[in-house]
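Below are the chains, spelled out letter by letter.
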Amino acid sequence: MSNFDRPFTVPDRTPLFKALPRHYVGYRKLSVFCEASPEGIRKALPADFEYVSNQIEVFVMDCPEVHDMDNRAMGPRAYLEGGVVVQAAYGGVTGGHVLYEFVTTDDSMAGGREVWGYPKKLGAVTYEEAADGSITASVSRLGHSLIKLSYRPDEVTFEKPLLHPRLQVKRIPRADGEGFDVDQIILNELTGAKVFSQRRGSGAVLLGGRSEMDPLMELGVSRVIGAEHVVAEFKLGYGRVFHDKLKG
């Protein structure tokens, strides 16, 4: 049961998303690790965070079975997402900052933004696995291509960048326009991870977008380090308020 004595979010009669934790079962994630433009990363990185390196992760994830732990009787939900994660540091902690993120359902978008400060937007996401183990995936929004990924299983070795814990900016403006109701740095870690399959390979990535809305292309990918396909599960719980800027 939830620790909250009233609905977790609005509307009261039918909240858009449930209280946590949430259980992701059998998700399938394709990640392509790249080197990108330091200038492009710095331009997009929130001012609160320190630049760490030019190594990034571009990913697409298929989440076919997502359970709300406090009400499993309703059955699982499903959605897809994709985005970009960069290395960042804040307050002596180095981890990963989700710079861009796009999802296919409104509950995932709202929950991600309102609870943890993930920069989720609604988009169209595809993820297709072939019989030979190759994968193609894509993200688009408002008719513009943002991400195209491809993967082929291969015997490759590479070192992945450190991208955990997640460091996010949670900022909610006041309704009267007089500043913010929330302005926080959130630290988030996953728990209960079980990996069923993990295989590396060769990958390719294309980043698109448009400058006034979703300028992923400004990251300027210069080299692919390697790719990885994971099938796993985890539990998503609450994050930690690492710094509340309104309280000093």
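Located above this text is the structure these notes cover.
Right, let's walk through the structure included here. (Residues numbered from 1 in each chain as written. Predicted model: local features only at pLDDT ≥ 70, side-chain atom pairs only at ≥ 80, totals over all residues. Heavy atoms only, no water.)

### Focus on the overall build of the protein chain
So, point 1. Looking only at helices and strands, the protein chain features 2 helices and 13 strands.
So, point 2. Rg of the C-alpha trace for the protein chain: 18 Å, near the compact-globule value of 18 Å for 248 residues, within the 12% margin.
So, point 3. Referenced to the eigenvectors of the C-alpha coordinate spread, the extents of the protein chain come out at roughly 50 × 45 × 35 Å.
So, point 4. Looking at the protein chain as a whole, 46% of its 248 residues qualify as buried.
So, point 5. Roughly 12400 Å² of accessible area belongs to the protein chain as shown, and the carbon and sulfur atoms make up 50% of that amount.
So, point 6. Across the protein chain, the centroid of the 30 positively charged side chains sits 1 Å from that of the 33 negatively charged ones. (Helix = DSSP H or I, 4+ residues; strand = E, 2+ residues; numbered from the N terminus. Rg over C-alpha atoms; globule rule 2.2 N^0.38 Å. Buried < 20%, exposed > 50% of the residue type's maximum accessible area, 1.4 Å probe, protein only. Areas by Shrake-Rupley, 256 points an atom, 1.4 Å probe, with all protein chains shown as cover. Lys, Arg positive; Asp, Glu negative; His and termini not counted. Charge placed at Lys NZ, Arg CZ, Asp CG, Glu CD.)

### Description of the nonpolar core
So, point 1. With 35 residues, the main nonpolar core has Ile56, Val58, Leu149 and Leu219 as its most contacted residues.
So, point 2. Once residues lying within four places of it in the same chain are set aside, the contact partners of Val58 are Leu30, Ser31, Val32, Cys34, Gly83, Val84, Ile147, Leu149, Val205 and Leu207.
So, point 3. Membership of the second largest hydrophobic core comes to 24 residues, among which are Tyr27, Trp116, Phe158 and Phe234. (Core = buried A, V, L, I, M, F, W, Y, C linked by side-chain atoms within 4.5 Å. Contact = heavy atoms within 4.5 Å.)

### Examining the layout of surface pockets
So, point 1. Size it by volume and the largest pocket reaches roughly 750 Å³.
So, point 2. Lining of the largest pocket is provided by 34 residues; of these, Tyr27, Lys29, His164, Arg166 and Leu190 occupy positions nearest its centre.
So, point 3. Mapped onto the lining of the largest pocket, the elements with two or more residues apiece are strand S1 (22–35), strand S2 (50–68), strand S3 (77–90), strand S4 (93–103), strand S11 (191–207) and strand S12 (223–236).
So, point 4. Here the lining of the largest pocket takes 6 residues from S12, the largest share from any one element.
So, point 5. For the lining of the largest pocket, the residue count by class is 19 nonpolar, 4 polar and 11 charged.
So, point 6. When its volume is computed, the second largest pocket comes out at roughly 600 Å³. (1 Å grid on protein atoms, 1.4 Å probe; cavity = no way out; pocket = protein on both sides within 12 Å on 5 of 7 lines; lining within 4 Å. Points joined across faces, edges and corners; volume = space filled by probe spheres on them. Nonpolar A, V, L, I, M, F, W, Y, C, P; charged D, E, K, R; others polar.)

### Things to note about the pairing of S2
So, point 1. Pairing geometry for S1 and S2, over 11 bridges, is antiparallel. Bridge pairing in S2 places Phe33 opposite Glu57. (Pairing = 2+ DSSP bridges.)

### Details of the packing of aromatic side chains
So, point 1. Going through the model one piece at a time under the given rule, you end up with 9 aromatic pairs.
So, point 2. Judged by centre distance (5.7 Å) and plane angle (85°), the ring pair of Phe8 and Phe17 falls under edge-to-face.
So, point 3. Take Phe17: its relative accessible area is 6%, and that puts it in the buried class.
So, point 4. Both rings, one in Phe8 and one in Tyr238, keep their centres 6.4 Å apart while their planes meet at 65°; by these two values the pair is edge-to-face. Pair noted here: Phe8 is in the segment before S1 and Tyr238 is in the loop between S12 and strand S13 (240–244), with a separation of 230 residues, a long-range link. (Phe/Tyr/Trp six-rings, centres within 6.5 Å; stacked < 30°, edge-to-face > 60°.)

### A closer look at empty space enclosed by the protein
So, point 1. Inspection of the entire model under this criterion finds 1 cavity of 30 Å³ or more.
So, point 2. Of the voids in this model, the largest cavity is the one considered here, and its volume is about 90 Å³.
So, point 3. Lining the largest cavity are 13 residues, and of these Arg22, Tyr24, Arg77, Asp107 and Ser108 lie nearest its centre.
So, point 4. Within the residue set of the lining of the largest cavity, elements represented by two or more residues are S1, S3 and helix H2 (106–116).
So, point 5. Looking at the lining of the largest cavity, the element that brings in the most residues is H2, giving 5 residues.
So, point 6. Taken together, the residues that form the lining of the largest cavity break down as 6 nonpolar, 3 polar and 4 charged.

### Thoughts on the pattern of salt bridges
So, point 1. Overall, the coordinates contain 16 salt bridges when judged by the stated rule.
So, point 2. A salt bridge links Arg77 to Asp68; its shortest N-O distance comes to 2.9 Å.
So, point 3. Three or more residues are tied together by salt bridges with common partners; here these are Arg22, Asp68, Arg77 and Asp107. (Salt bridge = Lys/Arg side-chain N within 4 Å of Asp/Glu carboxyl O.)

### Comments concerning the environment of Pro64
So, point 1. Looking at where Pro64 falls in the secondary structure, it is placed in strand S2.
So, point 2. C-alpha of Pro64 to C-alpha of Gly111: the two residues are 47 residues apart in sequence and 17 Å apart in space.
So, point 3. Those residues within four positions of Pro64 in sequence are excluded, and the remaining contacts are Val25, Gly26, Tyr27, Arg77 and Ala78.

### A look at the pairing of S1
So, point 1. Of all the 14 residues making up S1, 10 are buried; the element is thus mostly covered by neighbouring parts of the structure.
So, point 2. Here S1 runs beside S12; their pairing, made up of 12 bridges, is antiparallel. Along S12, the bridge assignment pairs Arg28 with Val231.

### Here we look at the environment of Ser145
So, point 1. Tracing the backbone through its elements, the reader meets Ser145 in strand S8 (residues 144–153).
So, point 2. The exposure class of Ser145 is partly exposed, given its relative accessible area of 35%.
So, point 3. Between the alpha carbons of Ser145 and Ala78 there is a distance of 22 Å; along the sequence they are 67 residues apart.
So, point 4. Residues contacting Ser145, with those up to four places away along its chain left out, are Val139, Ser140, Gly208 and Gly209.

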